[in-house]
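Summary of structural features
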Amino acid sequence: MEHTVIKRRELLVGAALTAALVPLQHAAAALPGANPTRALENVMSTQTFTKTTPPDWLLAFWKEIDAKTFGKGFDCFTQDAICNLGVADWHGREAIRENLRAFIDTGFTAHHDVTEYWDGGSLKVFRGIVTMTPDDKSKPVVRPTMTHFFYMDKADPTKVSHWYGAVGPVSFG
């Protein structure tokens, strides 16, 4: 397993980027259905991460979406899991499943590639690329980047209790 240390300069750059994005978080909080309290986390802590291969549960989850089957791969979530994917604020495993199904059914097929995975024990982080192929062949295929944070459940650390994710943008047009 590979261990990586984040240097002070990288930490400062990350902090600067975060500070630059705070006004955007507040603007997003004003959108309908947004949860403004999720942008107000101020607890500081230190956590060690290991860069490793993505776990089977994560790959099974993306496979369910890519195959449009929406089955057992969603068992990685607790029954009462929360998903904040972009501006979404979905509560419960079934709400996550059904909202993702409704989104995917808007006229495209997705294929998720996990390019980097970091395991921090109670927090899993990864980035990747999702290839979105429209059903309408006259529209272009897009490949936005994605970054996701999976907070594991305290009572059952094999399950995700909270998922924060960002994908895109899918276009600037």
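See the structure above.
This section reports on the structure supplied with the text.

The rules behind these values
- Residues numbered from 1 in each chain as written.
- Predicted model: local features only at pLDDT ≥ 70, side-chain atom pairs only at ≥ 80, totals over all residues.
- Heavy atoms only, no water.
- Helix = DSSP H or I, 4+ residues; strand = E, 2+ residues; numbered from the N terminus.
- Expected span 1.5 Å × (residues − 1).
- Buried < 20%, exposed > 50% of the residue type's maximum accessible area, 1.4 Å probe, protein only.
- Arc of directions from axis to C-beta.
- Contact = heavy atoms within 4.5 Å.
- Polar contact = N/O pair within 3.5 Å; in protein donor to acceptor, adjacent residues only side chain to side chain.

1. What to know about helix H3 (residues 93-104)
- End to end, H3 covers 17 Å across 12 residues, agreeing with the expected 16 Å (1.5 Å per residue, within 8%).
- All of the buried residues in H3 are Arg 93, Ile 96, Arg 97, Leu 100 and Ile 104. One side of H3 holds all its buried residues, which, seen down the axis, span an arc of 95°.
- At its buried positions, H3 is contacted by helix H2 (56-66), strand S3 (77-85), strand S4 (90-91), strand S5 (108-119) and strand S8 (160-167).

2. Details of the side chain of Arg 93
- Within the secondary structure, Arg 93 sits in helix H3.
- Judged by its relative accessible area of 12%, Arg 93 falls in the buried class.
- Polar contacts involving the side chain of Arg 93 include one to the main-chain carbonyl oxygen of Phe 77, which spans 2.8 Å.
- At a separation of 2.7 Å, a polar atom in the side chain of Arg 93 contacts the side chain of Gln 79.
- When near neighbours in sequence (up to four residues on either side) are disregarded, Arg 93 contacts Phe 74, Asp 75, Phe 77, Thr 78, Gln 79 and Ala 81.

Honestly, that's just the spatial picture; any functional story needs more than this.
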